[in-house]
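# Coordinates in review
Listed below are the residues making up each chain.
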Amino acid sequence: MFTVFLILIVVVAFLLVVVIMVQNPKGGGLSSSFGGGGTQQLGGVQKTTDFLDKSTWTLATILIVLILVSNVAINNGTTTTESKALDTDNIVQPIEVPTAPAQTEDTAQ
């Protein structure tokens, strides 16, 4: 279930980036190409700007909702996530390696 939310989050984030990149804060971008011909207006600058603004807010809201819902989906599993570092039942004792006696000059010859 989390994978579905993850894919949706990636798609919405990509669309949000595209919509933001199309906008130009100085009045240019896609909105100026639609309304720059005087009488040849395909939708008008104001309508295009309104659409891009509304779509930005809508996609941002959808992204936040998907992130919050995916957080609930992560914890929906039946497995426990307790730390096993504090579990004292299965402590393994270290193996002691016997050390060789130190060599002296008498045994080295």
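Residues numbered from 1 in each chain as written. Predicted model: local features only at pLDDT ≥ 70, side-chain atom pairs only at ≥ 80, totals over all residues. Heavy atoms only, no water.

## Notes on the confidence of the model for the protein
Residue-level pLDDT values for the protein average 74, and 57% of them are 70 or greater. Residue range residues 36-41 is modelled with pLDDT below 50. Its contacts to residues more than four positions away, or to other chains, number three contacts. (pLDDT = per-residue confidence, 0-100. Contact = heavy atoms within 4.5 Å.)

## A closer look at the nonpolar core
Within the largest apolar cluster, 10 residues are counted, these being Phe5, Ile9, Val12, Leu16, Val19, Leu52, Leu59, Leu63, Leu66 and Ala73. For this core, the elements supplying multiple residues, two or more each, are helix 1 (2-22) and helix 3 (45-74). Dropping the residues within four chain positions of it, Val19 is found in contact with Leu52, Ser55, Thr56 and Leu59. (Core = buried A, V, L, I, M, F, W, Y, C linked by side-chain atoms within 4.5 Å. Buried < 20%, exposed > 50% of the residue type's maximum accessible area, 1.4 Å probe, protein only. Helix = DSSP H or I, 4+ residues; strand = E, 2+ residues; numbered from the N terminus.)

## Regarding the environment of Gln23
For Gln23, the position within the fold is in the loop between helix 1 and helix 2 (29-35). Assessed through its relative accessible area of 32%, Gln23 is described here as partly exposed. Along the sequence, Gln23 and Asp53 sit 30 residues apart, while their C-alpha atoms lie 8.6 Å from each other. Sequence-distant contacts of Gln23, defined by excluding residues within four places in its chain, comprise Leu52, Asp53 and Thr56. At 3.0 Å, the side chain of Gln23 and the backbone oxygen of Leu52 are in polar contact. A distance of 2.8 Å separates polar atoms of two side chains, one belonging to Gln23 and the other to Thr56. (Polar contact = N/O pair within 3.5 Å; in protein donor to acceptor, adjacent residues only side chain to side chain.)

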